[in-house]
Amino acid sequence: MSSLSAFLSRFSIALYTLIALVAFAANSVLCRMALSTQQTPALIDPSSFTAIRLAAGALVLGLLMLLRNTKAGTSRSTSRGSMFAAALLFIYAVTFSYAYVLLDTATGALILFAAVQISMMLISYVQGQRLTLLEWIGALLAFSGFAYLVLPGVSAPSMTGLVLMAISGCAWGGYTLLGKKSVNPLFDTGYNFIRSLPLVAVMILVVWLLPYLASAPQLVSIPQATVLSAKGMLLAVLSGAIASGIGYALWYQALRGLTSTHAAVLQLTVPVIAAVGGILFLDEEISFHLGVSAGIIFVGIALVIFAKAHPVNKPALSISR
């Protein structure tokens, strides 16, 4: 029975991980489907997409928490997330939406993934973890891939979109590190979504007021005017309720059975899955420029992950301050 329990535990972690990774990629595809500027008329604006996405996630997770408490016969859980985690979730979601107005699916997913990994590495460094020579080489390679991605050229992505997605990735990296400490993933994720709603209200207010307060409207390229359509709202609900709410709860659950190295390696698949989704559902193409950049970034981050998984008994390198 113990061996069966161990097998079922490993199987459930593998299943949660697979669903979560597909959900991460699905968010990129759904967001790009909803916000692509190639659609006329537009389906939805970025602020409305973000608001509906987070509200739908909060609603679904709230219902799941209620069912869990009812089933367990308890009135409340001690796991309630944190305001800091909710703020990171909001920053991730809003910058993610605005970035996908300007980036295609594969490029956005690559920038997001690279920013997540690099930010987690830098946070570990600030917390006192020194990097080995191999880790430094990998980090420099990853940054080089980023530099090549933004080189001026026909296929270079929007700089505004890149910066927004990089901010989104840094916020998600911090959110992921906080998730490693979760003892009740469903409740932590649910309360984080619920706590993000006041920030959503402030965002909507700012979006409505900014065009009237701006003395030079031509300086305001974003936010866009509020745009809503049934299809756009449906895509936002799917992103929030399924790909975000349930997907993130399952990822928090999977993190309890994954090492940090395993989690980092598995996330290497997200840009690939997203790129396939962009090809299948949005008729996007993968440029040579993006492919080379992705290869350099993947190799660099893989070196960092390999170094963490196979430490050597040599002094780590540090930068004097």
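Residues numbered from 1 in each chain as written. Predicted model: local features only at pLDDT ≥ 70, side-chain atom pairs only at ≥ 80, totals over all residues. Heavy atoms only, no water.

(A) Representation of the confidence of the model for the protein chain within the structure. Here the protein chain shows a mean pLDDT of 82. Residues at 70 or above account for 85%. By mean pLDDT, helix α9 (residues 260-266) is the weakest element of the protein chain at 70, and helix α3 (residues 83-99) is the strongest at 95. Segment residues 317-321: pLDDT under 50, and 11 contacts once partners within four positions in sequence are set aside and those in other chains are kept. (pLDDT = per-residue confidence, 0-100. Helix = DSSP H or I, 4+ residues; strand = E, 2+ residues; numbered from the N terminus. Contact = heavy atoms within 4.5 Å.)

(B) Layout of the packing of aromatic side chains. Summed over all chains, the structure comprises 11 aromatic pairs. Residues F24 and Y248 carry aromatic rings whose centres are separated by 5.8 Å and whose planes lie at 55° to one another, so their mutual orientation is tilted. With a gap of 224 residues between them, F24 in helix α1 (residues 2-35) and Y248 in helix α8 (residues 230-255) connect regions that are remote in the sequence. Seen from their ring centres, F96 and Y100 are 5.1 Å apart, and the 80° between their planes marks the pair as edge-to-face. (Phe/Tyr/Trp six-rings, centres within 6.5 Å; stacked < 30°, edge-to-face > 60°.)

(C) Spatial organisation of the packing of helix α4 (residues 105-126) against helix α10 (residues 269-282). At their nearest, the axes of α4 and α10 sit 8 Å apart, and the two run at 165° to each other. Classified by the angle between their axes, α4 and α10 sit roughly antiparallel to one another. Seen from above, α4 lies across α10 with right-handed handedness. Residues T105, A106, A109, L110 and F113 of α4 touch α10, and the partners they reach there are P271, A274, A275, G278 and L282. The class makeup of the residues in the contact of α4 with α10 is 8 nonpolar, 2 polar and no charged. (Axes fitted to C-alpha atoms, helices over the stretch in contact; angles between N-to-C directions. Parallel < 35°, antiparallel > 145°, perpendicular 65-115°, else oblique. Left-handed = near helix turned anticlockwise from the far one by under 90°. Nonpolar A, V, L, I, M, F, W, Y, C, P; charged D, E, K, R; others polar.)

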